[in-house]
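# Structure assessment
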Amino acid sequence: MRVYHRPTCRLCNSDNVSLAVKLEPIPLAEAYSATAEEGRSIPRFPVDLYMCGDCGHVQQLDVVDSESLWSKYTYFSGSAKGMPEHFAEVAARIMADYPAPNGSLVVDIGSNDGSMLRPFKAAGLRVLGVDPAETVAAEANRQGIPTIVAPMSLELARRIRKEHGPAHLVFMFNAFAHMDNLQEIADCVAELLHEDGVFVFESQYISDIIEKRLIATIFHEHMSHHSAVALAPFFKRHGLEMIDIQRVPIQHGSIIGVAQHQHGPHAMCPSVDALLDFERKQGLDQVAVFRAFADDIATMRERIRTWAQERTAEGACIAGYGAARSGPTLIAQLGLENMLQYILDDHPQKVGLYTSGEGTLIVPTKELYERMPPYTVILAWVHAAKIIQEHQEYLERGGTFVVLCPQPRLVNRTGEAPL
């Protein structure tokens, strides 16, 4: 595994970057081992947040090489609760707002299992995915979504345009925060995009991360935490212009942005200037806001760690629910190291293995009722409401769910209470 610390901003190349949020180092997410000892031996790497003093971009500068991040990727977007429905809604809106001629090409960069492209294929458009993770790309190809297994590069973008023609629609959903080479990616988009086409991206929104204390979204895969104030000039430098940007509730707070070639055919929506104005008023381009965020995390950590230590001292079992990508972050940043006795999950590539860092055994979710732990910490935080809804029997039998994000709270058969 190779890790390096980049000295410059990912968007503008400035070396005027400063530490904004100091965090505990964590092991690589989605890494599972055959033994507890092997899991505990997996190294930890920094996930500290830095801010660029020139463009305001918030980012992680400690970069794990792409092979380590994606070679054994186990997240399938089509299996994630609510994601296929979300993709279908977005696709319908984009096809209505930016209609493409029949047979036009749609390219998805970081396409995972092809879920984003399925509605476009069903509408009669040509689709092509690009993803470096062999496991998810193989599933996309098996389901009839042609997918190139490779990281996106300018060379590949030129090859795609030569072989398939320009794309009327280019997508990057969440993957827009996953890549270190975003300047090259912007050039790839410009190369791929038809003169009348649009680029559509989605990522979790830095304002929501700060306001809602969404610490769970910070891990190695998420290298960038985007804002309009940093993205608008970034696109301009690469011959593109942002024409729309909307806040959406998915993953507790994200943005969906639309860009086109500069001086393209589509008018700029008022949403762009509105969000730029909002961010400047909120101080999202000022490092002081993020240092206050760091103080809040430290307070949360102390409160949660104290609670867990007290329960452990009483002899109570604390389990985890969901071997999620956010798990290592929640455990490390909120003081739960060595507190979880096992983690419940049904993913076939995880059950029976041990987590990285803690070396915690992953067991099937049916064991929630066989073992009946008095406390179960929800690590798959995005799906907390759904998990609680599906396990009312656990609550009725006296169990308590512990929700860490966005606000720490206890949920049992009598209701909810702050943690």
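Residues numbered from 1 in each chain as written. Predicted model: local features only at pLDDT ≥ 70, side-chain atom pairs only at ≥ 80, totals over all residues. Heavy atoms only, no water.

So, on to unusual backbone geometry. Note that the residue after Cys405, namely Pro406, is joined by a cis bond; omega there is 5°. Within the secondary structure, Pro406 sits in the loop between strand E22 (400–403) and strand E23 (409–412). Although it is not a glycine, Gln251 sits at a positive phi angle of roughly 55°. Looking at the element boundaries, Gln251 is found in the loop between strand E15 (240–248) and strand E16 (254–261). Look at Gln251 and you get buried, because its relative accessible area is 16%. (Helix = DSSP H or I, 4+ residues; strand = E, 2+ residues; numbered from the N terminus. Buried < 20%, exposed > 50% of the residue type's maximum accessible area, 1.4 Å probe, protein only.)

This part takes up the packing of helix H9 (residues 228–237) against helix H10 (residues 270–282). Two elements in contact, H9 and H10, have axes separated by 9 Å at closest approach and are oriented at 130°. Between H9 and H10, the interaxial angle falls into the category oblique. For the pair H9 and H10, contact is made by Ala228, Val229 and Ala232 and by Leu275, Leu276, Glu279 and Arg280, respectively. Grouping the constituent residues of the contact of H9 with H10 by class yields five nonpolar, no polar and two charged. (Axes fitted to C-alpha atoms, helices over the stretch in contact; angles between N-to-C directions. Parallel < 35°, antiparallel > 145°, perpendicular 65-115°, else oblique. Contact = heavy atoms within 4.5 Å. Nonpolar A, V, L, I, M, F, W, Y, C, P; charged D, E, K, R; others polar.)

This part covers helix H6 (residues 154–164). Buried within H6 are the following residues: Leu156, Ala157 and Ile160. Considered in projection along H6, the buried side chains sweep an arc of 100° and stay on one side of the axis. Of the residues in H6, the exposed ones pointing more than 90 degrees away from the buried face are Glu155 and Lys162. In this structure, the buried residues of H6 make contact with strand E9 (105–109), strand E10 (126–131), strand E11 (147–149) and helix H7 (182–192). At the C-terminal side of H6, Gly165 shows a positive phi close to 90°. (Arc of directions from axis to C-beta.)

Okay, the sheet that holds strand E14 (residues 224–225) next. Read from one edge to the other, the open sheet built from four strands follows the order E2-E6-E7-E14, with strand pairing classed as antiparallel. Each end of this open sheet is capped by a strand with a single partner; those strands are strand E2 (17–21) and E14. Packed onto the sheet, helix H11 (residues 287–313) meets E2, strand E6 (49–52) and strand E7 (58–59) and runs at close to 35° relative to E2. (Pairing = 2+ DSSP bridges.)

Another point: the side chain of Arg6. Mapped onto the elements of the fold, Arg6 is located in the loop between strand E1 (3–5) and E2. The buried category is assigned to Arg6, whose relative accessible area is 10%. Within polar-contact distance, the side chain of Arg6 engages the backbone oxygen of Cys9 at 3.3 Å. Side chain to side chain, Arg6 and Asp180 meet in a polar contact 2.8 Å long. (Polar contact = N/O pair within 3.5 Å; in protein donor to acceptor, adjacent residues only side chain to side chain.)

Moving on: the pattern of salt bridges. The tally for this structure, following the rule as stated, stands at 21 salt bridges. Residue Arg409 is joined to Glu416 by a salt bridge in which the shortest nitrogen-to-oxygen separation is 3.1 Å. The class of Arg409 is partly exposed, set by a relative accessible area of 23%. Through salt bridges with shared partners, one network takes in Arg6, Arg10 and Asp180. (Salt bridge = Lys/Arg side-chain N within 4 Å of Asp/Glu carboxyl O.)

What follows deals with H10. Between its first and last C-alpha atoms H10 spans 19 Å; for 13 residues at 1.5 Å apiece the expected length is 18 Å, and the two agree. Every buried residue belonging to H10 is among Ser271, Val272, Leu275, Leu276 and Glu279, and all of these are buried. In an axial view of H10, the angular spread of the buried residues amounts to 130°, which keeps them on one side of the axis. In H10, the exposed residues that point more than 90 degrees away from the buried face are Pro270, Asp273 and Lys281. On the buried face of H10, the contacting elements are H9, E15 and E16. Gly283 sits one or two positions beyond H10 and adopts a positive phi of about 75°. (Expected span 1.5 Å × (residues − 1).)

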